[in-house]
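For reference, the chains in residue letters:
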Amino acid sequence: MSNIPYRTHLSEEEIPRYWYNMQADMKEKHDPFIHPGRLDPVVFEDLQPVFCDELIKQEVNTTDRLIEIPEGIREVYKLYRPSPLCRAYNLEKALGTPAKIYYKFEGNNTSGSHKLNSAIAQVYYAKEQGITNLTTETGAGQWGTALAMAAKLYGVDLTVYMVKVSFEQKPYRKAVIETFDAKIIASPSDTTEVGRMMLAQDPTTSGSLGMAISEAIETAVKTPNSRYVLGSVLNQVLLHQSVIGVEAKTAFEKIGDYPDIIIGCAGGGSNLGGLIAPFMGDKLQGKTNPYFIAVEPASCPTMTRGRFAYDFADTGRVTPLTKMYTLGCDFKPSSIHAGGLRYHGMSPIISKLYHDGYLDEARAYGQNACFEAALQFAQAETILPAPESSHAIKAAIDEALKCKETGEEKTILFGLSGTGYFDMSAYMQYRNGTMVDYIPSDEELNESLQHLPKIPGIQE
Ligand SMILES: *Cc1c(COP(=O)(O)O)cnc(C)c1O
């Protein structure tokens, strides 16, 4: 056996001091955010009522490659970071592959996912600015939990709008969020105008991330000294999540290896964007050429079947228009278990990198195939993966099996974005054979894509 350890740990001192900003190295930046009313590019003042000042600066920073992580954030990162880079020896053996499989595990905190990395940063900057109330949405509940933890640590009040279907499916999520004293409301709700409108249109709706975003923004704008925070999609979130990739790269340097293939599941693109960030930096600078794969659910195939176009980030159509891969903001994803992947859009950075060919491939899998991979992984590596993460596992296994055919000893890195302890009903359904794969028809996708916004001169 090689001398690469099962777990490569970094020391507390080695927690990164800088986030890496991919935008600085992208030769072409993503298209500007467009104001939904004026239909021209948004400016700082447009975003100020909704977002914290420092976070807006990070959002539009396309020049600084490295952005310092404040000590007040690094101190909190020390509660659960650095996260280990794990070598999946047991899985390799089970597959009989010559490939070397690594994963970066982000589930080792109570919120159970990578989302805490950005939650801490966003609440920190809000607190610095003197903000007292934050609002947000959560789908599967990981983001709401992470943010509740961070809000409690920094002493900021939080209201979470949770997508109704998840609220009902996952009562323990609510209990955890309330443990950290955050307020949690099932969305759509009657607490906002936009929520009441959505309920009037469809009283039995199971909700969506897009709807919950609209409600959280409305409440932030109407509450004094309040701002809205978002757990994915935004450039600032990818920036914060780069802590994953920077740590991974340092760990690879220690063991003298470098990934040939890097894989992440993609909901809004933040764990993928964070993991690939410094490796993408190498590629953009022409130093190395790793192969990047984004994996999404077949039930919500944003990159594989969506359109690269301007669209709203929410269902209520209040956010700036964003050029991204989208299924249309009216698209209602089926109630698959990987709740964190049920989003109609995609990070504008990830979208641009994919469109320009730097992010090499997007692929989609049905959930039964992903759970099969999750079980295989759990049984070999003893970590119970989140349903979202199982999409990356499935792709990593497929790539490792290709290596078995060709005899290539490729180095594969995938993001294990979280644990699945709150998803045991999904595991039970998989095991008793009642899990269904839902694949939207072309007609269904065309229906929501028909309603993409029109922007004179830009998108007719
Ligand atoms: C939220 C979540 C995702 C999807 O979000 P991204 O922004 O695409 O990373 C993936 N995995 C887990 C465990 C999540 O909680």
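About the cut-offs
Residues numbered from 1 in each chain as written. Predicted model: local features only at pLDDT ≥ 70, side-chain atom pairs only at ≥ 80, totals over all residues. Heavy atoms only, no water. Domains from an automatic or database assignment. Contact = heavy atoms within 4.5 Å. Buried area = accessible area lost by both parts, 1.4 Å probe. Salt bridge = Lys/Arg side-chain N within 4 Å of Asp/Glu carboxyl O. Polar contact = N/O pair within 3.5 Å; in protein donor to acceptor, adjacent residues only side chain to side chain. Helix = DSSP H or I, 4+ residues; strand = E, 2+ residues; numbered from the N terminus. Buried < 20%, exposed > 50% of the residue type's maximum accessible area, 1.4 Å probe, protein only. Arc of directions from axis to C-beta. Near = heavy atom within 4 Å. Areas by Shrake-Rupley, 256 points an atom, 1.4 Å probe, with all protein chains shown as cover. Nonpolar A, V, L, I, M, F, W, Y, C, P; charged D, E, K, R; others polar. Pairing = 2+ DSSP bridges. Axes fitted to C-alpha atoms, helices over the stretch in contact; angles between N-to-C directions.

Here the focus is the domain arrangement of the protein chain. In terms of domains, the protein chain is made up of domain 1 (7-16 + 81-112 + 241-444) and domain 2 (18-65 + 113-228). The C-alpha-based centres of domain 1 and domain 2 are spaced at 22 Å. Taken together, the 52 residues of domain 1 in the interface contact 48 residues of domain 2. Of the roughly 4,100 Å² buried between domain 1 and domain 2, counting both surfaces, carbon and sulfur atoms make up 61%. At the junction of domain 1 and domain 2, the tally comes to three salt bridges. Between D31 and K323 there is a salt bridge whose closest N-O contact spans 3.1 Å. Our enumeration of links across domain 1 and domain 2 arrives at 21 residue pairs in polar contact (both at pLDDT 80 or more). When residues of the side of domain 1 that touches domain 2 are traced back to their parent elements, those giving at least two are α11 (235-255), α12 (270-284), β12 (307-312), β13 (321-326) and α14 (348-355).

For the rest of this paragraph, the subject is helix α8 (residues 171-179). Along α8, the residues that are buried comprise R173, V176 and I177. Looking straight down α8, one finds that the buried residues subtend no more than 100° of arc, so they occupy a single side. Exposed and oriented more than 90 degrees from the buried face of α8 are Y172 and T179. Residues of α8 that are buried in the fold lie against α6 (142-154), β7 (157-163) and β8 (183-187). Remark: D181 follows α8 within two positions and exhibits a positive phi of approximately 70°.

Attention shifts here to the site of the ligand. For the ligand, the set of nearby residues contains 18 residues, the closest of which are K115, S232, G267, S270 and S417. Within the backbone of G267, an N or O atom sits 2.7 Å from an oxygen atom of the ligand. S417 is positioned with one of its side-chain polar atoms (N or O) 2.7 Å from a nitrogen atom of the ligand. Here the ligand, which alone exposes 380 Å², has 98% of that area covered by the protein. Residue composition of the shell around the ligand, grouped by class: four nonpolar, 12 polar and two charged. Of the residues that make up the shell around the ligand, three or more belong to each of domain 1 (7-16 + 81-112 + 241-444) and domain 2 (18-65 + 113-228).

Spatial ordering of the open sheet is given by β8-β7-β6-β9, a layout of four strands whose pairing is parallel. Looking at which strands have only one partner, the edges of the open sheet turn out to be β8 and β9 (226-228). Each strand of the sheet is rotated relative to its neighbour by a mean of 20°, with strand direction disregarded. Relative to β8, β7 is paired through five bridges, and the arrangement is parallel. Within the sheet, the bridge partner assigned to T159 lies in β8 and is K183. Sheet strands touched by α6: β6 (133-138) and β7. Its angle to β6, the strand with the most contacts, is close to 160°.

Another aspect to go through is the side chain of E361. Tracing the sequence through the fold places E361 in strand β14 (residues 361-365). Among the residues examined, E361 registers a relative accessible area of 19% and is labelled buried. Polar side-chain contacts of E361 include one of 2.8 Å to the side chain of R363. Once residues within four sequence positions are removed from consideration, E361 is found in contact with Y291, F292, I293, A294 and Y354.

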